[in-house]
Every structure is written in structure tokens, then in C-alpha cells.
Amino acid sequence: MIALCIGFFMILVDSTIVTVAIPALQEGLHTDINSAVWVVSAYLLAYAVPLLVAGRLGDRFGPRRLYLIGLAVFTLSSLWCGLTGSIGMLIAARVVQGVGAAMMTPQTMAVITRTFPGERRGQAMSLWGAVAGVATLVGPVLGGVITTNWGWEWIFYINVPVGVVGFALAWWLVPSLPVHTHTFDWVGVALSGAGLFCLVFGIQEGESYDWGSVWSFVSVPLLIAVGVVLLVIFVWWQTRTKADPLVPLVLFKDRNFSLANIAISIVGFVITSFALPMMLYAQVVRELSPTQAGLLFVPMALVNVVGAPFVGQMVDRYHPSLIGGFGLVCLTVSLFWLGAILGPGLPTWQLVLPLALLGLANAFMWSPLSVTATRTLPPQRAGAGAGVYNMTRQVGAVIGSAAIAAVMESRLHAHLGESAGSYSATEGAAGAAGHLPAFVADGFSRAMGEALYLPAGIAIVAVLAVVFFRNPHGERTKIDEPPQKQTTAP
């Protein structure tokens, strides 16, 4: 578990650590804001698109082998990122880094699913979930500290020694599990890859192109529509192909698997969309440095770390609807609470209370969702199931990132009118910090608070999804499939 969590932690930290360093990247590489933002976007895009294929490759060639290859790619590309001297090369290196991350992520869940028996899987998944929750919070703090003291290059260099240690531990400790022979669905690979690229790129970059034309003959809405059509064709193909399907649709006959995927996509949406308005409020209104703004999230991370082990023990004994539902209710309440209180004169302790509740939500929701999704999967489908689960989480995060940017801009214009352009939520806000007139500080705070109502409202859907979980304790695999030939991984 320790060996797997080191790599998983690095992957998720790199999803957020670069955001704080964007101004330093602009200055160091002499580039504009749009190019600098692509350093983040390229990684997220390259991370999301191959997840389905990576999960299936883990089934075919062994999760340990795929994990080690992905970790090697991720570590070497991190070194490339730090050494590069141009924005174009940095973006290219981040694409390779995202591919390495995609190769690793499904294998962590697959190994846990196949290694730990059902009655102990909750404790293992609680650690996996705690790592996921903490990593998304550590990124901005760590990025601010490293960039301030050593420069932007070191947010990538730091991955190298950690990656080497993680590789050695995984080589030593992670077992070689039996693999399953598959006839690979190459048409499904092409359809899913193209469809996910069009959909994720369109949603992720829609705001950058003002939802207009990406190229002379392709608009953002058209690109998203093409992505949806390709994914619909992909689902149809999965029902028709005689090869082993890339996504066995039989997985979705399991009600818990289907509901857990709905819930985790919403969690990805909420966690990603909540962070941006909070960071902008902290830096623009409260005039905190990036490091100080990141430190506001420390209570949330601490509550998560302390609570996750206890939740892991509960998951193995109690109905997941009770545990996951409590966590998601805490998530909803904390976001509505934050949205209602954000203001220029808010005492810090009043801000810490809902953030601590958000940490409790993280402790209670990650483990029951992941355990419920994977508990009844047969071993030969563990990689495919993990790929689908992580892909839905990542797509939810991309949609959340695009949606919150649009909502913030809308609320800023509602509260600040024509002057909103001087305090843009996506570009100019950070530069306005320190000299906000009183009416602007109040309007900006209310805009950020009201933006949080979007993820809070969406979180209610996840609460409704987990209510219908079936109690998996004591159940055997529900998915009836013919046995497949197993071989030992080389």
C-alpha cells in the first residue's frame, strides 16, 4: 500500500501544484497567460484520455508491470519538465507526464481490489482515499512554498527522487498478479480515445476560446458534440464487438458499480470546482500569498488524515450508504456554509470551521465509494473497472473546472457590473490583490461565495446516488462471466 500510494500521491499533487506557479512560469519562460495555462491543461487532458485503455492493459499485461512503466515515464518526464527552456517543450513534457500518470492510476485500485480480501478492503481503500483527498490539498501549498523559495523548476525536480524511491519500493513489494488473456479491442481504443479527447478538450478549453472557434472550421460546441457522438458509437460498438470489449458493459449490471461511478464523477466535479473560488477569495480579498492561501486548507487535510483510518474500519462493517451518505451530506453542508459566509471581514476561525467539515467529508466519502465500486468485480475485470472509475472521476473534474469558471465570471458581472473585467476570475484577479475598494471586495467575495452554490447543489445528486447502494457485505461477485484463461505475469 505504501509503495502504491507514493506514486498515486505524486500523480494527484501534479494536477494542482503547477497552478500556483503559473505567474513564475510566465516570467521565467517569457510567455503569455494562455500558454502558461496550457501547462496545466495539457497534463489533465493527457491524464484523462488514456485511462480506459490503461486499465485494460493492466488486465492484459499485469498491473505491477504497467504501474512500474508508468512511474518510470512519469519520473523521467518530470526531469524533462524541469530542464526545459521553452514553453512548447514544457507543454510536450507535461503531455508525456500525463500519459505516465494515466498508466499508473488504474493499477493502484486494481492491485488493492485483487490483493486485499473483501473484509479488509475498506481499510486499504481508506488509505487510498486519504491520499487522494490530501494530495489535492497539498498541491497548492507545496507549489507555493517551492516556487517562492527555489523556483518553478523544482516543482518538477522534486518528483525525481520521490519517483526513484517509489519505483524501488514497488519493484520490491508490489506482487506480480495473474494476468488474463484478451483479444484487444482496437476499434474501441480509437473511438474512446477520440471521443474523450474531443469532449474533454472542448469542455476544458471552452472558456479559453470564449466558446467560439478553435480552428477556422471547428467550434468548441461542435467539438463537444463530436465527442459525445463518438462516445455513443463507442458504447454501441462495445455491445457488438466480438473481441474482448474495452469497457465490459456487463460491469454496469452491478447497481453499486453504476451508482458509485455517478457519485465519484460528482465528487471530482465538486472538489475541483470548489478550490478555484476559494483560492481567489483568499488571495484577492484576504490579500494572502499563495503559500498562506494554501495553508488555509491544512485543517481540512488534517481532519481527513485523522478520520480516514477509522472510516476504513467502519466500511468493512457498516452499510456504505450510511458512511458515504454522511460524508456527502457533510460535503454539501460545508459548501453551502462557505458560500453563505464569504466576505471581506470574515474572521479566520469562522472560515476554518466549514473547511474542517469539508475535511470530515473527504474522510467519509472516498473509501466507501471506491470499495463499493470494486468489491464485487471479478479479478479479470478489476483493471477495466478501475479504469472506468478513475476516468469518470477525472472527466467530472474537467467539467467542474470549466463550469466553475463560467459561473464565477457570471457572478462577478452580476455584482461588479462593467468593472468586473478589471477583476477577472480567470486572469486578472490575482494582480488586483492588495488594493480593492470596499465595494469591490464585498462584491468579489459574494461572487466567489455564490459560485460555491454550484458544486454544493451538484453534491446533492451524489447523496441521492449513494442512498440506493445495496449492502455488499457477505456478497459474492454478482457478474456472471465465463472463466478466462489466466497466466502468470512475467
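Up top is the structure.
This section reports on the structure supplied with the text. This structure is a prediction, so every number in the text was calculated from the model and none was measured. (Residues numbered from 1 in each chain as written. Predicted model: local features only at pLDDT ≥ 70, side-chain atom pairs only at ≥ 80, totals over all residues. Heavy atoms only, no water.)

### Describing the overall build of the chain
Note the following rule: Put simply, DSSP H or I for four residues or longer makes a helix, DSSP E for two residues or longer makes a strand, and each gets a number counted from the N terminus. Here, two residues are considered to be in contact whenever any of their heavy atoms come within 4.5 Å of each other. Surface accessibility follows the Shrake-Rupley procedure with a 1.4 Å probe radius. Residue values consider only the protein chains on display as shielding.
The number of helices and strands found in the chain is 19 helices and 4 strands. Long-range pairs, those at least 24 residues apart, make up 83% of the contacts in the chain with a sequence separation of at least 6. Counting only carbon and sulfur atoms, one obtains 68% of the accessible surface of the chain, whose full area is about 18,900 Å².

### Some points on helix α6 (residues 87–115)
Spelled out, the test is: Expected helix span is computed as 1.5 Å times (number of residues minus one). Burial classification: accessible surface area is computed with a 1.4 Å probe over protein chains only, and a residue below 20% of its type maximum counts as buried, one above 50% as exposed, and the rest as partly exposed.
Look at α6: 42 Å from first C-alpha to last across 29 residues, which is about the 42 Å you get at 1.5 Å a residue. Among the 29 residues that make up α6, 22 are buried, leaving the element largely enclosed by the rest of the structure.

### Considering the packing of helix α1 (residues 2–16) against helix α9 (residues 159–173)
Which entries qualify depends on this criterion: An axis is simply a line fitted to the C-alpha atoms; with a helix, the fit covers only the stretch in contact. Between two such axes, the angle follows the N-to-C directions and lies from 0 to 180 degrees. For this classification, under 35 degrees means roughly parallel, over 145 means roughly antiparallel, 65 to 115 means roughly perpendicular, and everything else is oblique. In this scheme the crossing of two helices becomes right-handed for a clockwise turn of the near helix relative to the far one and left-handed for an anticlockwise turn of less than a right angle. Each residue is assigned to one class: nonpolar for Ala, Val, Leu, Ile, Met, Phe, Trp, Tyr, Cys and Pro, charged for Asp, Glu, Lys and Arg, and polar for all the others, Gly among them.
The N-to-C vectors of α1 and α9 enclose an angle of 150°; their axes lie 8 Å apart at closest approach. The angle between α1 and α9 places the two elements in the roughly antiparallel class. As α1 packs across α9, the resulting crossing turns out to be left-handed. When α1 is examined against α9, the residues Ala3, Ile6, Met10 and Asp14 are found in contact with a partner set consisting of Asn159, Val162, Gly163, Gly166, Leu169 and Ala170. For the contact of α1 with α9, the per-class residue count stands at 6 nonpolar, 3 polar and 1 charged.

### Remarks on the layout of surface pockets
A probe as big as a water molecule, rolled over the atoms, marks out the empty space that is left. Definition in use: We place a 1 Å grid over just the protein atoms. Points where a 1.4 Å probe fits but has no way out form a cavity, open points with protein on both sides within 12 Å along at least 5 of 7 lines form a pocket, and any residue with an atom within 4 Å of a point lines it. Grid points are joined across faces, edges and corners, and a volume is the space filled by probe spheres set on the points.
The calculated volume of the second largest pocket comes to roughly 310 Å³. Residue lining of the second largest pocket: 16 residues in total, with Leu52, Leu231, Val235, Met391 and Thr392 positioned closest to the centre. Secondary structure elements with two or more residues in the lining of the second largest pocket: α10 (186–205), α11 (220–240) and α17 (382–416). Considering every element that reaches the lining of the second largest pocket, the biggest residue donor is α17, with 5 residues.

### Examining the side chain of Thr84
Filter applied, for reference: Definition of a polar contact: a pair of N or O atoms within 3.5 Å, with one able to donate and the other able to accept a hydrogen when the atoms are protein atoms, and with sequence-neighbouring residues admitted only if both atoms are side-chain atoms.
Mapping Thr84 onto the fold places it in the loop between α5 (63–83) and α6. Within the structure, the side chain of Thr84 is placed 3.4 Å from the backbone oxygen of Ser86, a separation counted as a polar contact. Those residues in contact with Thr84 that sit more than four places away from it in its chain are Met89, Leu90 and Trp152.

### Description of the nonpolar core
Rules: As used here, the term nonpolar core means buried Ala, Val, Leu, Ile, Met, Phe, Trp, Tyr and Cys residues forming a set that is joined through side-chain atoms within 4.5 Å.
Leu90, Phe274, Met278, Leu331, Leu351 and Met448 are the most contacted members of the largest nonpolar core, which totals 144 residues. Among the elements that make up this core, the one with the highest residue count is helix α12 (residues 255–285) (18 residues). Those residues in contact with Met278 that lie beyond four places of it in its chain are Phe297, Leu338, Leu342, Leu351, Leu355 and Leu452.

### Examining the pattern of salt bridges
Applied cut-off: The term salt bridge refers to a pairing of a side-chain nitrogen on Lys or Arg with a carboxyl oxygen on Asp or Glu at a separation within 4 Å.
With the rule as written, the count across this model stands at 4 salt bridges. Here Asp14 makes a salt bridge to Arg94, at a shortest N to O gap of 3.4 Å. Here the residue Asp14 occupies a position in helix α1, and Arg94 occupies one in helix α6, the gap between them amounting to 80 residues. For Arg56, the salt bridge identified is with Asp59, shortest N-O distance 3.1 Å. With Arg56 and Asp59 both in helix α4 (residues 51–61) and 3 residues apart, this pair spans about one turn of that helix. Considered together, Arg56 and Asp59 belong to a single accessibility category, that of buried residues.

### Section: unusual backbone geometry
With phi around 55°, His30 is a residue other than glycine that occupies positive phi space. Secondary-structure assignment places His30 in the loop between α2 (22–29) and α3 (33–48).

### As for the packing of aromatic side chains
Quick note on the threshold: Aromatic pairing here means that ring centres of Phe, Tyr or Trp (its six-membered ring) are within 6.5 Å. Orientation follows from the plane angle: under 30 degrees is stacked, over 60 is edge-to-face, and everything else is tilted. The criterion for a charge sitting over a ring is simple: Lys NZ or Arg CZ within 6 Å of the ring centre, and within 35 degrees of the ring normal.
A complete count under the given rule lists 9 aromatic pairs for this structure. Centroid distance Tyr43 to Tyr47: 5.9 Å. Interplanar angle 45°. Geometry classified as tilted. Highlighted residues: Tyr43 and Tyr47, both in helix α3, separated by 4 residues, approximately one helical turn. Accessibility assignment for this pair places Tyr43 and Tyr47 in one class, buried. When the centroid spacing of 6.3 Å and the interplanar angle of 80° are considered together, the rings of Trp152 and Phe156 count as edge-to-face. Summarising the burial analysis for this pair, Trp152 and Phe156 share the class buried. Among the aromatic residues, those joined into a cluster by ring pairs are Trp38, Phe197 and Phe201. Taking the ring centre of Phe61 as reference, the NZ or CZ of Arg60 above it sits at 5.0 Å. Lying across the ring of Trp171, Arg64 places its NZ or CZ 5.1 Å from the centre.

### A closer look at the packing of helix α15 (residues 320–341) against helix α16 (residues 348–374)
Between α15 and α16, whose axes approach to 7 Å, the crossing angle comes to 150°. Classed by the angle they form, the pair α15 and α16 counts as roughly antiparallel. In the packing of α15 onto α16, the handedness of the crossing is left-handed.

### Focus: α16
Between its terminal C-alpha atoms α16 stretches 40 Å, which fits the 39 Å expected from 27 residues at 1.5 Å a residue. For α16, a buried count of 19 out of 27 residues is recorded, marking the element as mostly surrounded by other parts of the structure.

### Observations regarding a nonpolar patch on the surface
The test is simple: By definition, no residue in a patch forms a salt bridge, and every one has over 30% relative accessible area; like charges are joined within 9 Å, nonpolar side chains (Val, Leu, Ile, Met, Phe, Trp, Tyr) within 5 Å.
Among the surface-exposed residues, Val329, Val333, Trp337, Trp349 and Leu353 lie close enough to one another that they form a single nonpolar patch of about 480 Å² accessible area. Mapped onto the nonpolar patch, the elements with two or more residues apiece are α15 and α16. Looking at the nonpolar patch element by element, the count peaks at 3 residues for α15. Checked against the element boundaries, Trp337 lands in helix α15. Residue classification places Trp337 among the partly exposed positions, given a relative accessible area of 33%.

### Details of the environment of Ser35
The residue Ser35 is located in helix α3 in this model. Between the alpha carbons of Ser35 and Ile87 there is a distance of 7.1 Å; along the sequence they are 52 residues apart.

Remember, this is a structural readout, not a statement about activity or role.
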